[in-house]
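Okay, here's what each chain looks like letter by letter:
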Amino acid sequence: MATGDSPAGARRRLRLEIRKAREATGRTQGQVAEALNWSLSKVNRIENGDVTISSTDLDALLRLLGVSDSALIERMAADARAARKRGRGWWDEPRFREHVRPTTLQMLQFESEASAIRAFNYAVIPGLLQTREYAEAAIGNVTGDLSPEARVVRTDLRMLRQRKLRSRPDVQCLVILDELLLQRTVGSAAVMAEQLRTLTDAARRANVVIRLLPRETSWPYIAIGTFILFDFDNVDSAVLYREFSLTDEIVHSADVVNAHRARFEQMWHSCLSEEASVAVIEAAHASLRAALVRRG
């Protein structure tokens, strides 16, 4: 694998090339499955990036689809091999594999290669923007059954993700937060005050935009749930990551991805401006700091 590449990234590129080649022949997934004596589910899962494909199956598929460009065949074969390998990036530390869900580790691979990140969260500040103390409290509250070691590992991972993102100033990061988050104390008032200060610092970075969804308009969108959209150079290859309290998932379906993108754009237009959002966060921080001073 090339430096900076990942199995998830290779699988993403390969599924797009396979779908493109199939569509160029005018064949449906069902017709491909019948011709190769595969199940329709197998073809669908390969094109969705849910599974890898063996070299033998790839050769048979490319012959059926009439792909003859030797350079393209070699690139696809290389991606198929890379997709089957275990990742060797920073996310592949043994402690991460032991204590972090496989889907989360796959998400990290997409995050490390994305050209743009769009995130919506109504429950807590997103992991990419959390202070360590806030992360420790949030992880403890949501996943109370985790061992102390697992909590430390997951917190370390969030801090590492932040360092990796700061090292890539070319990545556009657009974040929508429910305004009510500012009033939801996580950890303690002191922890929350530091988190709000850190949030305003992040908003001053050139590649980060944070906007608040006013409390009056946020309730219709809460049912969508927390999600992150990862964009790549090829706009058709976007990936959706959805996180729930006890699980998470990666979604490649164009229909689902586009539906979440449309919702994100709807929310974006309903948000306070970037300047107004930062002003509200700063005011909330100042209020918390003043309350802490009064308490002595």
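For the structure, check the block above.
Residues numbered from 1 in each chain as written. Predicted model: local features only at pLDDT ≥ 70, side-chain atom pairs only at ≥ 80, totals over all residues. Heavy atoms only, no water.

Q: Could you clarify how one ought to interpret the overall build of the protein chain in this entry?
A: The secondary structure content of the protein chain amounts to 13 helices and 6 strands. Projecting the C-alpha coordinates of the protein chain onto the three principal axes gives extents of approximately 75 × 40 × 30 Å. Accessible surface for the protein chain amounts to roughly 14,300 Å². Of this, 50% is attributable to carbon and sulfur atoms. Positive and negative charge centroids in the protein chain, built from 42 and 38 side chains respectively, lie 2 Å apart. (Helix = DSSP H or I, 4+ residues; strand = E, 2+ residues; numbered from the N terminus. Areas by Shrake-Rupley, 256 points an atom, 1.4 Å probe, with all protein chains shown as cover. Lys, Arg positive; Asp, Glu negative; His and termini not counted. Charge placed at Lys NZ, Arg CZ, Asp CG, Glu CD.)

Q: How should I be thinking about the side chain of serine 6 in this particular structure?
A: Mapped onto the elements of the fold, serine 6 is located in the segment before helix H1 (7-25). Take serine 6: its relative accessible area is 0%, and that puts it in the buried class. At 2.7 Å, the side chain of serine 6 and the side chain of glutamate 113 are in polar contact. (Buried < 20%, exposed > 50% of the residue type's maximum accessible area, 1.4 Å probe, protein only. Polar contact = N/O pair within 3.5 Å; in protein donor to acceptor, adjacent residues only side chain to side chain.)

Q: What is the right way to look at helix H13 (residues 274-295) in this model?
A: Residues spaced three or four apart along an α-helix face the same direction, because each turn holds 3.6 residues. Helix length check: H13, at 22 residues, gives a terminal C-alpha distance of 32 Å against a target of 32 Å (1.5 Å per residue), a fit within 8%. All of the buried residues in H13 are Ser277, Val278, Ile281, His285, Leu288 and Ala291. An end-on view of H13 places all buried positions within 150° of arc, on one side of the element. Facing away from the buried side of H13 by more than 90 degrees, the exposed set consists of Glu275, Val293 and Arg294. Buried-residue contacts for H13 involve helix H10 (189-203) and strand S3 (208-213). (Expected span 1.5 Å × (residues − 1). Arc of directions from axis to C-beta. Contact = heavy atoms within 4.5 Å.)

Q: Help me understand the sheet that holds S3, please; the structure alone is not making it clear to me.
A: Sheet strands associate in pairs through backbone hydrogen bonding, adopting either a parallel or an antiparallel arrangement. Read from one edge of the open sheet, 6 strands run S3-S2-S1-S4-S5-S6, paired in mixed fashion. Each edge of the sheet is formed by a strand with only one pairing partner; in this case those strands are S3 and strand S6 (248-251). Averaged over all pairs of adjacent strands, the angle between strand axes in this sheet comes to 15°, irrespective of strand direction. Direction of pairing for strand S2 (residues 172-178) relative to S3: parallel, over a ladder of 6 bridges. Pairing of cysteine 173 across the sheet is with valine 208, part of S3. (Pairing = 2+ DSSP bridges. Axes fitted to C-alpha atoms, helices over the stretch in contact; angles between N-to-C directions.)

Q: Is there a simple way to think about the packing of aromatic side chains in this case?
A: The description of two aromatic rings rests on the distance between their centres and on the angle between their planes. One pass over the full model with this rule turns up 5 aromatic pairs. Ring geometry for phenylalanine 120 against tyrosine 122: centres 6.3 Å apart, planes inclined by 35°, an arrangement best described as tilted. Phenylalanine 120 gets classed as buried once you look at its relative accessible area, which sits at 1%. Judged by centre distance (6.0 Å) and plane angle (55°), the rings of phenylalanine 120 and phenylalanine 227 are tilted. Of the two residues, phenylalanine 120 is situated in strand S1 (residues 116-121) and phenylalanine 227 in strand S4 (residues 227-231); the sequence distance between them amounts to 107 residues. (Phe/Tyr/Trp six-rings, centres within 6.5 Å; stacked < 30°, edge-to-face > 60°.)

Q: Sorry, what's going on with the environment of aspartate 92 here?
A: In this structure, aspartate 92 sits in the loop between helix H5 (70-84) and helix H6 (94-99). Distance in space between the C-alpha atoms of aspartate 92 and glutamine 109 is 9.7 Å, their sequence separation being 17 residues.

Q: Sorry, what's going on with the pairing of strand S5 (residues 239-243) here?
A: It is a general feature of regular strands that their side chains alternate between the two faces of the sheet. Among the 5 residues that make up S5, 4 are buried, leaving the element largely enclosed by the rest of the structure. Looking at chain direction, S4 and S5 are connected through 4 bridges and run antiparallel. Counterpart to phenylalanine 227 in the pairing with S5 is arginine 242. When S5 meets S6, the two strands line up antiparallel, connected through 4 bridges. Residue pairing in the sheet places arginine 242 in a bridge with glutamate 249 of S6.

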